Amino acid sequence: MQTKTRMNVYFDPDLLKKVEALALRRSISKSAVIEAAVASFLSADASERLEAVFARRMDRIGRQIDGLDEDIAIVGETLSLFIRFWLTITPPLPDSAQAAARAKGAERFESFLQTLGRRLATGDRFLKELSRDVDLQRDGTTESG
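Residues numbered from 1 in each chain as written. Predicted model: local features only at pLDDT ≥ 70, side-chain atom pairs only at ≥ 80, totals over all residues. Heavy atoms only, no water.

> Describe in detail the overall build of the protein, supporting the description with residues and values.
Within the protein, the secondary structure is distributed over five helices and zero strands. Its helices and strands taken in sequence order, the protein reads α-α-α-α-α from the N to the C terminus. For the protein, buried positions account for 3% of its 145 residues. Accessible area for the protein stands at about 13,300 Å²; split by element, carbon and sulfur atoms hold 60% of it. Of the side-chain charges in the protein, 22 are positive and 22 negative, and the distance between the mean point of each set is 7 Å. (Helix = DSSP H or I, 4+ residues; strand = E, 2+ residues; numbered from the N terminus. Buried < 20%, exposed > 50% of the residue type's maximum accessible area, 1.4 Å probe, protein only. Areas by Shrake-Rupley, 256 points an atom, 1.4 Å probe, with all protein chains shown as cover. Lys, Arg positive; Asp, Glu negative; His and termini not counted. Charge placed at Lys NZ, Arg CZ, Asp CG, Glu CD.)

> Before we move on, could you go through the packing of helix H3 (residues 46–89) against helix H5 (residues 126–139) and cite the residues and values that matter?
When two helices pack together, their arrangement is captured by the angle between the axes and the distance separating the axes. One way to put it is that H3 packs onto H5 with a least axis distance of 11 Å and a crossing angle of 90 degrees. With respect to H5, the element H3 is oriented roughly perpendicular. Residues Asp-71, Ile-74, Val-75 and Thr-78 of H3 pack against Phe-126, Leu-127 and Leu-130 of H5. Its residues assigned to classes, the contact of H3 with H5 shows five nonpolar, one polar and one charged. (Axes fitted to C-alpha atoms, helices over the stretch in contact; angles between N-to-C directions. Parallel < 35°, antiparallel > 145°, perpendicular 65-115°, else oblique. Contact = heavy atoms within 4.5 Å. Nonpolar A, V, L, I, M, F, W, Y, C, P; charged D, E, K, R; others polar.)

> Report on the environment of Ser-31, specifying residues and quantitative values.
Position of Ser-31 among the secondary structure elements: in helix H2 (residues 30–42). Taking C-alpha positions, Ser-31 is 9.7 Å from Glu-20, a pair spaced 11 residues apart along the chain.

> With reference to specific residues and values, describe unusual backbone geometry.
Positioned with a positive phi, Ser-27 is a non-glycine residue whose angle comes to about 55 degrees. Looking at where Ser-27 falls in the secondary structure, it is placed in the loop between helix H1 (13–26) and H2.

> Explain the packing of H1 against H2 to me, using residue names and the numbers behind them.
In the contact formed by H1 and H2, the axes pass within 8 Å of each other and the chain directions differ by 110 degrees. By the angle class used here, H1 and H2 are roughly perpendicular. Contacts from Val-19, Glu-20, Leu-22 and Ala-23 of H1 reach H2 at Lys-30, Val-33 and Ile-34.

> Describe a nonpolar patch on the surface, listing the residues and the values that go with them.
Together, Met-7, Val-9, Phe-11, Leu-15 and Leu-16 line one region of the surface with nonpolar side chains, adding up to about 440 Å² of accessible area. With respect to the helices, strands and loops of the structure, Phe-11 is situated in the segment before H1. On the basis of relative accessible area, Phe-11 is assigned to the partly exposed category, the value being 33%. (Patch = residues over 30% accessible without salt bridge, like charges linked within 9 Å, V, L, I, M, F, W, Y side chains within 5 Å. Salt bridge = Lys/Arg side-chain N within 4 Å of Asp/Glu carboxyl O.)

Okay, structure coming up:
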């Protein structure tokens, strides 16, 4: 039978609670949990496991950045198409109508900002809606059907 040496260590109370909870869930002693953790930490492959954890996290972050790049590209294309369309169809105003047009534009812009603020507050995003609409069209269904 292998003998074990007693050692007194100090733990942060929160960490000790986690050790106790794990020991309860696995029906093993706290000493067994601590021994396994220390053995894992000191094993030769500990650095390889740590590197693998970091690699997985970096992969996830890379995928998130790729998604953001795509979202930004969609926003840029959407904005450029809107500006091109607006410039194409908007006739120039006579000087006499410009003051009224500025006032109406300020009113519409204020309304736009309020709508944008509400959407941002609720988490409802245009790109999410766009993705849902594209998925629905791809599936051959409509929102009303």
